[in-house]
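In case you want the letters, here they are:
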Amino acid sequence: MAKLACLLLAGLLLVPAGAGAAKRGAGAAGRAGGPAGRAGGPGPPVQIPLRTGWDFHPDPGNAGLAAGWSGGNRGQGWQPVSLPRVFDSRPLPSLFWGTAGWYRLTFRGPSERPGFGWAMRFEQVRRTAQIWLNGREIGAHTDPYVPFDVPLSGMRPGRMNTIVVRVDNRKGVEPREGWWNWGGITRPVYLVPEGPVVLNDLGLTSRLSCGTDGSCGPAQVVVDGSVSNRAAHPTSTRVSVTLRAPGTGQTITGDATTPTVAPGQHATVHFSIPIRGTPRLWAPEHPNLYTAVVRTLAGGQVAQKDTLNIGVRSVEVHSGLLYLNGRRLDVRGAAIQEDVPGRGPALTNGDMDTIVAQLKALHANVTRAHYLLNPGLLDRFDRAGILVWSQAPIYHRDDLLTTPAQRALALATLRGTVLAARNHPSVLTHSVANELTPEPDKLTSTRDYLVAAAQTVRALDPSVPASLDLLSYPGYPRQSTYDAFDLLGINNYFGWYAGKPDPHSTARLADLRPYLNRMHSLYPHQAMVMTEYGAEATVNGPATVKQTFAFQSDYIQRTLDVLGQLPFMSGAIYWTLREFAVKPNWDGGANRTDIAHNSIHHKGLLTYGGQRKPAWSTAEQLFAATALYPGPGAFPEGAPAPGPADILVLSAILLALALLVGLSVWSYVGIRRALRDSVPEVRAWRMTPTESSQPD
């Protein structure tokens, strides 16, 4: 708009231009696509879910190690539980800083098969885990947000075995997290067979390039992973993939053979499978899923068989706009925290079905979380056609990125997050961090992490853009560090939080649009999505008063009105769908002393108990009215549309132009008449660059 005004004014002047145990799988998909995953048959054994038969023992005094609980102590205090399960589901201030707890399972070991062993897979343990088998420690893990496997060396086939897991969720001020410090085994656990060779970190992603007119080139499925040799002799491995197309039943196959691998060593697996004919693309309106069966063979025998559902789709950024399958996106949705009253993040299948149903009822086509989502949820989003802004939990962590070792840990968390999410076609992007310093160019350690993180994403999953979620304050200069990313997330709380003193204030919602316009001018090649915006709401009152339901509704309306005027924005994700537990005495930004603080984050459209707030209806109507694929508008793509103030300026300029043209015509006619009727001598006048108007 400013450029247009300048051009018109110029025209006027011219009148008379994870650390821890080895991570084998890529989420549920990498180890056979979830609980029903690894196929049976004459080859490898099937994986075994370990949901029931567990006992739990709280350890608030941290006395379990000294008391010998690691050996499966049969004393008092053990309570029967099923998994997943948190220590305590109550968000009480006294529980936030964490404690220790013990889980124990006695089970009969599966029958022995020549060449095969077993591992135990944990989808998530918060925060750290130590694991014993029959009284001997066999592994540990320290990353609370990525899955891991522990080989069960020493398991007794056909006899009783005891697994003991000590979980410790004690934490300090760092790492900072914007959610409750839950402790426990918070996602499913499985026994997973391991053959003479093991295919680790299996990934099946799509390679497809599309133009901005919706035309797409040939499609391929890229197979990626690493094969390790558990046998006592060198061996080569063949990886064979069979794809079955949705609806048509068409089958497509491909395979590759690794070089000979020595015992205990590994080899990379990487090859592509062309999709014959027209691919059945995955998209929210038609979430087509190919069934993929992956067989890993050693010596001609099937050592591992994985079954998973994948999608073929293209996610690209062109000229600062986000495209899916060659169609420009304008997403609307709400973020989630895995937190249900009475269970915390230990979600049941019913909980996950409810989350999907709630997003669908809201007309949301995208969601987001601050950490890797439950593989069961990602499977459901694949089937439901809900896009996912996936993110590693590197949140406000500049102080934990200062040393090479700290950055290596963060990159390990990112790697585990990408590997577990990349098989899911619903995943729109991999975000490497949330709300780090707004000046990474000045903080070398953060800049080094971000550049390495973007490279990590592109190496592991080049099928989607690498992204970063920004702590969005105005007034900062352009950051060259952001050039490493294709997509920027804008966490916007203009009009809610005060931000920093000027020129970095976010106190006024009226400053949002100028901020977004400036960000677009600074980063014209990056697509932008508003990844957070929200307002707390717990009481009735006028729309001019924070913390009221009316303010929340009005805030959503006004924010999305701004977004609707900016075609270069590719969407918005509300924070959050449902309230969740957060740190004790949470002050959500209203700064009201007349309302008691608690441990619940109140920006949700649903209460913690699941009741709809008035703002739900506002969001639902606005989401439903927004086309996922916007058509051509009145303004060029990527240029900001005018707001009311711009229209007034434009009208004034056009009126002035009309008046000046009229005046020029009138003057021209008058001058000709005067020249004809007045004195016979007229001097020529001229203007030089160094003079004002002077006669010759």
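The shown structure was predicted, so the numbers you read here are calculated from the model rather than taken from an experiment.

Describe the sheet that holds strand 23 (residues 315–318), naming the residues involved and giving the relevant values.
In spatial order, the strands read 23-24-25; together these 3 strands make up an open sheet with antiparallel pairing. Here the strands that pair on one side only, and so sit at the sheet edges, are strand 23 and strand 25 (327–328).

I'd like a rundown of the pairing of strand 17 (residues 251–257), residues and numbers included.
Examined bridge by bridge, strand 16 (residues 237–244) and strand 17 share 7 bridges and lie antiparallel to one another. Across the sheet, residue L243 finds its bridge partner in strand 17, namely I252. Between strand 16 and strand 17, which pair antiparallel in sequence order, lie 6 residues; one of them, G247, sits at a positive phi of approximately 80°.

I'd love a proper account of the environment of S228, names of residues and values included.
Within the element layout of this structure, S228 appears in strand 15 (residues 220–229). Sequence separation of S228 and G195 is 33 residues, and the distance between their C-alpha atoms is 9.9 Å. Not counting the four nearest positions on each side in its chain, S228 is found in contact with P196, V197, V198, N200, Q265 and H266. At 3.4 Å, the side chain of S228 and the side chain of N200 are in polar contact.

So what about the pairing of strand 24 (residues 321–324)? Which residues, and what values?
Residues L321 and Y323 of strand 24 are buried on one face, and the alternating residues L322 and L324, pointing to the opposite face, are buried as well. Inspection of the sheet shows strand 23 paired to strand 24 by 4 bridges, in the antiparallel sense. Its bridge partner lying in strand 24, E316 is registered against Y323. One ladder, built from 2 bridges, connects strand 24 with strand 25; its direction is antiparallel.

Got a sec to walk through the nonpolar core? Specific residues and values, please.
Residues L377, F381, V432, Y449, F485, L516 and Y533 are the most contacted members of the largest nonpolar core, which totals 107 residues. If we ignore the near neighbours within four places in the chain, the residues touching F485 are V432, L450, A454, R458, A466, S467, L468 and Q526. Judged by nonpolar contacts, the second largest core, of 28 residues, contains A219, V241, I252 and V294.

Can you break down the packing of aromatic side chains residue by residue, with the values?
Per the stated rule, a full pass over the model turns up 21 aromatic pairs. Put simply, the rings of W69, W78, W102 and W132 touch in pairs and so form one group of aromatic residues. One Lys or Arg, R104, reaches over the ring of W78 and ends 4.1 Å from the middle of that ring. Across from the ring centre of W496, 5.2 Å away, lies the NZ or CZ of K546, which sits over that ring.

Residue-level account of helix 4 (residues 375–384), with values.
Judged by how many residues are buried, helix 4 sits mostly within the fold: 8 of 10 residues are covered. Taken together, the buried positions of helix 4 are P375, G376, L377, L378, R380, F381, D382 and A384. For helix 4, the capping residue at the N-terminal end is N374, with a side-chain oxygen 2.8 Å from the backbone nitrogen of G376. Where helix 4 terminates, the next one or two residues include G385, which has phi positive at roughly 75°.

Cut-offs applied
- Residues numbered from 1 in each chain as written.
- Predicted model: local features only at pLDDT ≥ 70, side-chain atom pairs only at ≥ 80, totals over all residues.
- Heavy atoms only, no water.
- Pairing = 2+ DSSP bridges.
- Helix = DSSP H or I, 4+ residues; strand = E, 2+ residues; numbered from the N terminus.
- Contact = heavy atoms within 4.5 Å.
- Polar contact = N/O pair within 3.5 Å; in protein donor to acceptor, adjacent residues only side chain to side chain.
- Buried < 20%, exposed > 50% of the residue type's maximum accessible area, 1.4 Å probe, protein only.
- Core = buried A, V, L, I, M, F, W, Y, C linked by side-chain atoms within 4.5 Å.
- Phe/Tyr/Trp six-rings, centres within 6.5 Å; stacked < 30°, edge-to-face > 60°.
- Lys NZ or Arg CZ within 6 Å of the ring centre and 35° of its normal.

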